[in-house]
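What follows is the residue order along each chain.
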Amino acid sequence: MEKEKKARLASLLKILPPVEFCCVYGSALHPNNYDKSTMVDYILGVSDPMQWHSQNLIMNGHHYASLMAYLGRAKLITQVADEIGVGVHFNPFVSVNDEMFKYGVVRMHDLVEDVLNWKTFYLSGRLQKPMPIVMYGYYLPTYWSKYLGHWGIMVQILVDNLDIGNLNSVNLKGAISAALLLLPAKFTEEQLYAKVCSLSYMGDLRMLFAEDRNKVKKIVQGQFDAFQTMYKPLLEEYAAKGLLQFSSSDGHQAVMSQDCGLSVARSLVSSLPSKVRSQMGMKLGEKTKLSESGRAIREVVVGSRDEAAECMRRVLRRKVMVSSARQAVSGLLAVGGVNAVNYLANKMEKAWKSWT
């Protein structure tokens, strides 16, 4: 990543209280995006959101809506995020050095829970897509460090107490398993990444009127090399287990195939995150079996691959729909009327351009 973009991404962190985790995502990072008015989106992980917001209100009170900053303060900000939203408070339209930013603040415990178990499938979906991690004197998960060379980012690893990297590998494997269940017997590498990318948009209310209809295609094609760097090692693990085969190479990308039998379908379902398996088990039934260690474990009954895939699709769609609706209401309350209208107008303008 060129020096100008590195400085741009780091500028926001310099004016905020310290964070434990930071990732950057969104269309502003697209290689072909030269529009400086596009907001750069951040997710910031902190141990105690109320304490962090209290400090940030002193440092950057103008980042918050007036109702939140002067009446509710940190307690109301945190309550709205936790009880109405999915645990994330966003401050949009933050201007630093003539650049526009939006940052979301989340409790580290909630981030870990979503990454491991897809509790809300809100943040975990974002972490399934390539994104640079920008840390200058902050916490950096080691998992991402081996990928940052792809973007040319110089990093310094200071702390990794929670080992977010290893946790997110569980998230990525869950995304691969879910995508494989939804794919046919033969598919291209790009189709696989597109299916992974689309998981977190299934049921998203914004896709109906406020998102680019070609969003998934643009993300995958614009960051194809980054998707390869991120997922290729895991795909090789799946191939070694017999869950997929690299059948040929079509130029820059691989053509893959998979066994669509019940045995492989059961393996894929068993590697989905626990919250998804639990909800699938309520619909398809569960059975108890002994593990190799002699421990009793519950397993989803898979009588048909198509039935299991459709059940998982419904579970994810509902999970995304509920999370996107809750976060939309939380966002309206958190950012105030004017900012909410401006943000929605920007989104709808992008969506309209993609439909015309």
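Just above sits the structure.
Described below are features of the structure shown in this document.

Okay, helix H13 (residues 274-284) next. Along H13, the residues that are buried comprise Val 276, Met 280, Gly 281 and Leu 284. Seen end-on, H13 carries its buried residues on one side only, within an arc spanning 135 degrees. Of the surrounding elements, those touching the buried residues of H13 are helix H4 (108-117), helix H12 (262-270), strand S8 (286-290), strand S9 (296-300) and helix H14 (305-335). A positive phi of about 100 degrees marks Gly 285, the residue just after H13.

Moving on: the side chain of Lys 319. Following the sequence through the fold, Lys 319 ends up in helix H14. Salt bridges are absent for the buried Lys 319, whose nearest opposite-charge side chain, Asp 114, sits at 7.1 Å. Within the structure, the side chain of Lys 319 is placed 3.0 Å from the side chain of Gln 279, a separation counted as a polar contact. When sequence neighbours within four positions are dropped, the list of residues in contact with Lys 319 reads Trp 118, Lys 119, Thr 120, Phe 121, Lys 275, Val 276 and Gln 279.

This part covers the sheet that holds strand S4 (residues 99-107). Pairing within the open sheet is mixed, and its four strands lie in the order S1-S2-S4-S3. Across the chains shown, the open sheet's two edge strands, defined by having one partner strand only, are strand S1 (21-25) and strand S3 (88-96). Strand-to-strand, the axes of this sheet are offset by a mean angle of 20 degrees, without reference to chain direction. Bridge count for strand S2 (residues 40-46) against S4 is seven bridges, and the pairing is parallel. Opposite Val 46, over in S4, you have Arg 107 as the bridge partner.

Calculation notes
Residues numbered from 1 in each chain as written. Predicted model: local features only at pLDDT ≥ 70, side-chain atom pairs only at ≥ 80, totals over all residues. Heavy atoms only, no water. Buried < 20%, exposed > 50% of the residue type's maximum accessible area, 1.4 Å probe, protein only. Helix = DSSP H or I, 4+ residues; strand = E, 2+ residues; numbered from the N terminus. Arc of directions from axis to C-beta. Contact = heavy atoms within 4.5 Å. Lys, Arg positive; Asp, Glu negative; His and termini not counted. Salt bridge = Lys/Arg side-chain N within 4 Å of Asp/Glu carboxyl O. Polar contact = N/O pair within 3.5 Å; in protein donor to acceptor, adjacent residues only side chain to side chain. Pairing = 2+ DSSP bridges. Axes fitted to C-alpha atoms, helices over the stretch in contact; angles between N-to-C directions.

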